[in-house]
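Geometric and topological summary
Here is how the chains run, residue by residue.
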Amino acid sequence: MNDSRPTFSTDVCRLLGIEYPILQSGMGGIAGPALAAEVSNAGGLGILAGLLTPPDVLRAQIRHLRSLTDRPFGVNLLLLPEVRNPASTDELNDATVAAVQGVLQTVRERLGLEASFKRPPSVPALVEAAVEVIIDEQVPVFSSGLGDPGRELTDRLHDAGIHTVVMVTNANDARSVAASGADVIVAQGLEAGGHRSHFTKPHDARLGDLGSLSLIPEVVDAVNVPVIAAGGITDGRGLVAALALGASGVLMGSRFLVTRESSASEAYKKRLLEERGESTVVTDAISGRYARVVGNALTDAFRDSGVEPFPFPSQLLATADIRAFADRTEDADYLPLWAGQSIGRLNDLPWAADVVTDTIRQATQILLRQLNERVTVRA
């Protein structure tokens, strides 16, 4: 058998200048310069998380990342209206503040934290400043989710020589971002961890989601740009399956989250290595937008109370003291445990570069085995 590796010269590889069709998710609080650089150095596309990052900090992180790799990389922003044009939390009514803080107060009492019933802080409009930094720093790839960048922003990025990668959860949104000029579309199946990339928040967590097996070919058939598969993919088997469904590559989140370079805490990584896919839930209790996470005491508190959380990102900011305490004490029961249904297949803590090379090696073996079996049958 010929054991040479294929070049995987898919559309997305040629477009983004990467060796292998593997993208790393730009997970907030997890995807820092070290992780993104290692993925890029291994031949994939590393992506730096930029959500709610002040422009001077984002610029410093981009420059740090660039000092670690000379390969293409990306920066990810979420483009939902609540971030592009944030409203003042003064607009939250008193009853909402009392109800949400009442639930959080039960958690604070359990942890021995100081009581708080105040409104969460308002966030500044950081997206435009972040885009200016990305353009000024000549970042090769702009990655986004939870919204259509639109033609105006896409054209600005293209004029600066920046490729755009946009995540969607359905074919209609894929058509919209393709019409806006997106270079690559990520089809996010319901198995994926982290925020569901819905452009508009559905009124029920169970609505608006398709599994990867159904979603990927539907999006591939709907647009004329390369499609990347996301959701439930951790290894070469997932890459081969995605390619068979018509995708040009894969984006992996949970697998890169549980690596040595990930910025996730040790308690977070340990919990994911212990859990199974059925431990995950889709909830808006963490940030105010639906996301797949491992269920824990924090998500249970809102599930059991029936209280609607603050809108995004106010819910995330309202839990800052709880999350900080959980970080200090390494208590995963009160951390936001973003994770996909694939976590039941995670049982080690590899280097990120090894994830890329092992995925390619396994995919190569599968493809060559299938090729040899076909040749044998024909003979």
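So, here's what we can say about the structure. None of these values were measured; they are calculated from a predicted model. (Residues numbered from 1 in each chain as written. Predicted model: local features only at pLDDT ≥ 70, side-chain atom pairs only at ≥ 80, totals over all residues. Heavy atoms only, no water.)

Residues Gly249 and Leu251 line one face of strand 9 (residues 249–252) and the alternating positions Val250 and Met252 line the opposite face, and both faces are buried. As judged from the three bridges shared by strand 1 (residues 22–24) and strand 9, these two strands associate in the parallel manner. Of the residues in strand 9, the one forming a bridge with Leu23 is Leu251. Note: strand 8 (residues 227–230) against strand 9, three bridges, orientation parallel. Looking at strand 9, one finds that Ile228 is bridged to Gly249. (Buried < 20%, exposed > 50% of the residue type's maximum accessible area, 1.4 Å probe, protein only. Helix = DSSP H or I, 4+ residues; strand = E, 2+ residues; numbered from the N terminus. Pairing = 2+ DSSP bridges.)

Moving on to the sheet that holds strand 7 (residues 194–195). As summarised here, the arrangement of the three strands in space is 7-11-10, forming an open sheet in which the pairing is antiparallel. Looking at which strands have only one partner, the edges of the open sheet turn out to be strand 7 and strand 10 (280–283). Pairing of strand 10 with strand 11 (residues 291–294), which is carried by four bridges, proceeds in the antiparallel orientation. The residue bridging Val282 from the neighbouring strand is Arg292, located in strand 11.

Judged by nonpolar contacts, the single largest core of 62 residues is most densely connected at Phe256, Leu257, Tyr268 and Leu272. Counting residues per element, this core draws most heavily on helix 16 (residues 352–378), which supplies seven residues. Once you skip the residues sitting within four places of it in the chain, Phe256 turns out to touch Ile22, Leu23, Gln24, Met27, Leu35, Val39, Ser262, Ala352, Val355 and Val356. Formed by 25 residues, the second largest nonpolar core is a distinct cluster that contains Phe73, Val133, Ile162 and Phe312. (Core = buried A, V, L, I, M, F, W, Y, C linked by side-chain atoms within 4.5 Å. Contact = heavy atoms within 4.5 Å.)

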